[in-house]
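Topology and contacts: notes
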Amino acid sequence: MHATPDERTLGHWSQRQIAYYRARASEYDTSYADRMRMAQLKNALDTWPISGDVLELACGTGQWTQLLSNRANNLTALDAAPEMLDVARTRMQGVATRFIEADIFQWEPDRQYDTIFFAFWLSHVPPAAMSSFWDMLRRALKPGGCVVFLDDSRAKAEIEEQVPEEQVPTVLRTLADGTQHLAVKVLHDSADLTRHLNDLGWEAHVEQFDRYHVGGIARPRSHK
């Protein structure tokens with residue numbers, strides 16, 4: 001069965017992003033802390049309904065994984081970059097964590113979870129993949145479960161190097177070694193994202209945490 005043009009485009013962009021994060025793994029923690037205000041944002045976890053069997057998508061080097069471990073009965077962390085997962089495994093030594101190496105756009109969950117969490121991943125999902133991505137999340141949730149996420153707001157556009165000629169919203173990132181990489185970067189407004197997720201069949205509430213960040217909770221309407 002041949003891939004459609006949309007599937008080929010998605011696969012192309014996914015591989016580009018994976019290559020970027022593989023190359024960035026050794027410097028990820030420093031740049032992540034500089035850009036993401038981790039100290040302030042991690043306080044949001046205390047107010048979010050994170051419990052039970054927890055799945056983290058795009059776990060990176062495990063900075064959020066270690067925080068989730070205090071809230072989870074069982075914890076699974078997924079990322080497509082083996083170099084990122086190596087750092088995450090080291091960070092989580094002594095804490096029971098199931099790690100999965102997979103491209104999120106190609107992955108099919110083998111079990112269901114009470115909570116699915118991802119930080120700074122949704123903005124890497126191309127608009128054309130939003131529906132299929134949220135369909136996958138629906139399949140991965142237990143009845144009564146929820147999706148919790150944190151990401152950049154539209155204000156981050158002012159500090160990104162955008163590449164307007166690309167087919168999807170794209171930014172150029174330069175690493176410490178001078179190499180340059182492209183990544184999808186779709187910056188969401190809280191009200192528009194809430195409406196979009198509602199249109200996709202979710203009961204969603206997305207709010208602005210500060211000027212540069214939004215966070216949300218979503219539950220599929222078919223789950224009671």
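Worth saying up front: this structure is predicted, and the values here are computed from it rather than measured.

Let's talk about the packing of aromatic side chains
- Evaluation of the coordinates by the stated rule reveals 12 aromatic pairs.
- Residues Phe-118 and Phe-149 carry aromatic rings whose centres are separated by 5.8 Å and whose planes lie at 10° to one another, so their mutual orientation is stacked. Of this pair, Phe-118 sits in strand β4 (residues 113-119) while Phe-149 sits in strand β5 (residues 141-152), and the two are 31 residues apart along the sequence. The two residues Phe-118 and Phe-149 agree in class, both being buried.
- Their ring planes at 80° and their centres at 6.1 Å tell us that Trp-134 and Phe-149 sit as a pair that is edge-to-face. You can see Trp-134 sitting in helix α6 (residues 130-140) and its partner Phe-149 sitting in strand β5, a full 15 residues away along the chain.
- Looking at Trp-134, the relative accessible area reads 0%, which means it is buried.
- Site record: aromatic cluster; members linked through ring pairs are Phe-118, Phe-133, Trp-134, Phe-149 and Trp-202.

Considering the confidence of the model for the chain
- Residues with a pLDDT of 70 or more make up 88% of the chain, whose mean pLDDT is 87.
- The low-confidence segment residues 1-5 (pLDDT under 50) makes two contacts with residues lying over four places distant or belonging to another chain.

Brief notes about the pairing of strand β9 (residues 213-220)
- Burial within β9 is extensive, with six of its eight residues counted as buried.
- Bridge count for β5 against β9 is six bridges, and the pairing is antiparallel. Pairing of Asp-151 across the sheet is with Val-214, part of β9.
- Where strand β8 (residues 202-210) meets β9, eight bridges bridge the pair, whose relative direction is antiparallel. Bridge assignment links Trp-202 to a residue of β9, and that residue is Pro-220.
- In this antiparallel pair of consecutive strands, β8 and β9, the connection spans two residues.

Considering the pattern of salt bridges
- Counted under the stated rule, the structure contains 10 salt bridges.
- Here Lys-142 ties to Asp-53 by a salt bridge, and the two come within 2.7 Å at their closest N and O atoms. Of the two residues, Lys-142 sits in strand β5 while Asp-53 sits in strand β1 (residues 53-57), which places them 89 residues apart along the sequence.
- Here Asp-86 makes a salt bridge to Arg-89, at a shortest N to O gap of 3.7 Å. Of this pair, Asp-86 and Arg-89 both sit in helix α5 (residues 82-91), separated by three residues, roughly a single helical turn.

Let's talk about the nonpolar core
- Grouped together as the largest cluster of nonpolar side chains are 32 residues, with contacts concentrated most on Leu-57, Ile-116, Phe-118, Phe-133, Trp-134 and Leu-137.
- Looking at this core, the element that brings in the most residues is α6, giving six residues.
- Those residues in contact with Trp-134, other than ones at most four positions away along the chain, are Phe-118, Leu-122, Val-147, Phe-149, Leu-197, Leu-200, Trp-202 and Ala-218.
- Core analysis: the second largest hydrophobic core is formed by 22 residues, Trp-48, Ile-50, Leu-85 and Ala-88 among them.

A closer look at α6
- Burial in α6 covers these residues: Met-130, Phe-133, Trp-134, Met-136, Leu-137 and Ala-140. All buried residues of α6 fall inside an arc of 150° around its axis, so they share one side.
- Buried residues along α6 sit against β1, β4, β5, α7 (190-199), β8 and β9.

Each value, and the rule that gives it
Residues numbered from 1 in each chain as written. Predicted model: local features only at pLDDT ≥ 70, side-chain atom pairs only at ≥ 80, totals over all residues. Heavy atoms only, no water. Phe/Tyr/Trp six-rings, centres within 6.5 Å; stacked < 30°, edge-to-face > 60°. Helix = DSSP H or I, 4+ residues; strand = E, 2+ residues; numbered from the N terminus. Buried < 20%, exposed > 50% of the residue type's maximum accessible area, 1.4 Å probe, protein only. pLDDT = per-residue confidence, 0-100. Contact = heavy atoms within 4.5 Å. Pairing = 2+ DSSP bridges. Salt bridge = Lys/Arg side-chain N within 4 Å of Asp/Glu carboxyl O. Core = buried A, V, L, I, M, F, W, Y, C linked by side-chain atoms within 4.5 Å. Arc of directions from axis to C-beta.

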